[in-house]
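So the chains spell out like this:
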Amino acid sequence: MEVTHPDHIKDLAKSGLDDSTITELGIKTILPRDIDRHIGYKDERVHSLLCFPYPLTDGFCRDKVFPTLTDSGGHSIRYLQRKGTGCHLYFPLLAQSVFISSVPLYFTEGEKKAAKACKDGYHTIGLGGLWNFPCPEEEGISFLRRLIFLVPDSDSWKRASLLWAVFSFGSHLEGRGAFVRVLKIPQVGIDKVGLDDFLVMGGKLEKCEEIPLSHWIFTLSRNLEFKRQSREKKKWQKLKKSN
C-alpha cells in the first residue's frame, strides 16, 4: 500500500519528505473502504486517513485525519489512534541507532517533523503529543549523561501551556540522567514554524538558540498554567453548584 490521496501527497511534500523516505517508513493512505475498520469505529466526518506506522512497536500507528475534526469543546483534532493503544515513540530509521550509540538526541512533536529531521541527519524521535510520556520504548535508550535537545514549534514560546509541557517532558528526561536543552526555532511571519518547516526553509538546528530548563521563562509558564488551571477548576465548581 502507498500514499495515493492528493491531499496526503501534498501534505508530505510540504514537510520535505520524498518518496524514498515515505516508502522507508511505510507511510500510507488508508483506502476509504478500510477507514472504519482501521480506526475501530465509524465517523462520517472522516474523508481520508494518512497512516504513520510506528517502527519498533507491535502494529501501533497514528493517523492524520482529513479534514481536521473538531471535538465538543471546540478543539481541533488532526490525528487519531485506536482507543487503548497508549503512547509510543516514533523512530525513523536514523533515530533507531540511538539504542547502540551515544549521539546527541532530538525530540519533537510529530511524525513528519521527526522524519524530516532524520532525513537531514539529526537523530530525532517523534512524540505523538507533548504530554505523551513516558513511553515503553524509553527503556531501551541510555539517557545517562546524554545530550538531548527538545525542539517545539515556534509558537510554543508564546503559549504557557505548551512551554509547561515542554518543561515537564524535559524534567522527565533529566530525571533519567540526561542533559536537556530546548532549541528555539525562529518565528517567521505570523504562522507557527515547526521543525519540518524550519528545515525545509534551509534552517540548521546548530544555529538555534539553546534554552536550559532553568530559564525563567519555564518558571513563568508554570505559574501562568497553574493559575489558568485554578480558574478553570473554580469555573467548573461554580457551574456544578448551579446545576
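Above this text is the structure in question.
Quantities reported herein were computed from a predicted structural model and do not represent experimental measurements. (Residues numbered from 1 in each chain as written. Predicted model: local features only at pLDDT ≥ 70, side-chain atom pairs only at ≥ 80, totals over all residues. Heavy atoms only, no water.)

### Things to note about the nonpolar core
Condition: Each nonpolar core is a collection of buried residues, namely Ala, Val, Leu, Ile, Met, Phe, Trp, Tyr and Cys, held together in the definition by side-chain atoms within 4.5 Å. Exposed residues in this analysis have more than 50% of their type's maximum accessible area, buried residues have under 20%, and partly exposed residues fall in between, with area computed by a 1.4 Å probe over protein chains only. By the criteria applied, helices consist of DSSP H or I runs no shorter than four residues and strands consist of E runs no shorter than two, each listed in order from the N terminus. Two residues form a contact once any of their heavy atoms are found within 4.5 Å.
In this structure, Phe107, Ile125, Leu150, Leu173 and Phe218 are the most contacted members of the largest nonpolar core, which totals 30 residues. Contributions of two or more residues to this core are made by strand S6 (105–109), strand S7 (124–127), strand S8 (147–150), helix H5 (160–174), strand S9 (179–184) and helix H7 (216–242). Sort the elements by how many residues they give to this core and H5 lands first, with six residues. If near-sequence neighbours (up to four positions away) are discounted, Ile125 is found in contact with Leu89, Tyr90, Phe91, Ala95, Val98, Leu105, Tyr106, Phe107, Thr108, Ala114 and Ile141. With 15 residues, the next largest nonpolar core counts Leu17, Leu50, Tyr54 and Phe60 among its residues.

### Concerning the side chain of Glu111
Applicable threshold: The term polar contact refers here to a pair of N or O atoms within 3.5 Å; inside protein, the definition further demands a hydrogen-donor-capable atom paired with an acceptor-capable atom, and it admits residues adjacent in sequence only when both atoms are side-chain atoms.
As for its placement among the helices and strands, Glu111 is situated in helix H4 (residues 111–119). Residue classification places Glu111 among the buried positions, given a relative accessible area of 0%. A polar side-chain atom of Glu111 sits 2.7 Å from a polar atom in the side chain of Arg62. Setting aside chain neighbours within four positions, we find Glu111 in contact with Phe52, Tyr54, Arg62, Tyr79, Tyr90 and Gly128.

### A few points about the pattern of salt bridges
Oppositely charged side chains can form a pair if their charged atoms are brought close together. Inclusion rule: Salt bridge, as used here: a side-chain nitrogen of Lys or Arg that lies within 4 Å of a carboxyl oxygen of Asp or Glu.
Here the structure, examined in full by the defined rule, presents 15 salt bridges. The salt bridge involving Asp197 is made with Lys14; its shortest N-O contact spans 3.6 Å. Here Asp197, found in helix H6 (residues 195–200), pairs with Lys14, found in helix H1 (residues 6–14); they are 183 residues apart in sequence, far enough to count as distant. A salt bridge links Glu225 to Arg228, with the nearest nitrogen and oxygen atoms 2.5 Å apart. Within this pair, Glu225 and its partner Arg228 are both found in helix H7, separated by three residues, close to a single helical turn. Using a relative accessible area of 6% as the deciding quantity, one classes Glu225 as buried. Its relative accessible area of 35% is what places Arg228 among the partly exposed residues. Members of the salt-bridge network, linked through shared partners, are Asp11, Lys64 and Lys112.

### Quick word on the packing of aromatic side chains
As a reminder of what qualifies: Pairing of aromatic rings covers Phe, Tyr and the six-membered ring of Trp, with a centre-to-centre limit of 6.5 Å; geometry is then stacked below 30 degrees between planes, edge-to-face above 60, and tilted otherwise. A ring has a charge above it when a Lys NZ or an Arg CZ is no more than 6 Å from the ring centre and no more than 35 degrees off the ring normal.
What the rule picks out here adds up to 13 aromatic pairs. On the numbers, 5.4 Å between centres and 75 degrees between planes, the contact of Trp164 with Phe226 is edge-to-face. In this pair, Trp164 sits in helix H5 while Phe226 sits in helix H7, placing the two residues 62 residues apart along the sequence. The class for Trp164 is buried, based on a relative accessible area of 14%. Members of the aromatic cluster, connected to one another through ring pairs, are Trp157, Trp164, Phe167, Phe218 and Phe226. Over the ring of Tyr79 we find Arg62; its NZ or CZ atom is 4.5 Å from the centre of that ring. The ring of Trp157 is capped by Lys184, whose NZ or CZ atom sits 5.6 Å from the centre of that ring.

### So, unusual backbone geometry
Excluding glycine, a negative phi dihedral is what most residues carry, and trans is how most peptide bonds are arranged. Residue Pro67 follows Phe66 across a cis peptide bond; omega there is -5 degrees. Considering the arrangement of structural elements, one finds Pro67 in strand S3 (residues 61–70). The phi dihedral of Leu56 falls on the positive side, at around 70 degrees, and the residue is not glycine. Within the secondary structure, Leu56 is located in the loop between strand S2 (48–53) and S3. Leu56 gets classed as partly exposed once you look at its relative accessible area, which sits at 48%. Here Arg145, not a glycine, exhibits a phi torsion of approximately 60 degrees, which is positive. Tracing the sequence through the fold places Arg145 in the loop between S7 and S8. A residue is classified by how much of its surface remains accessible, and Arg145, at 67% relative accessible area, is exposed.

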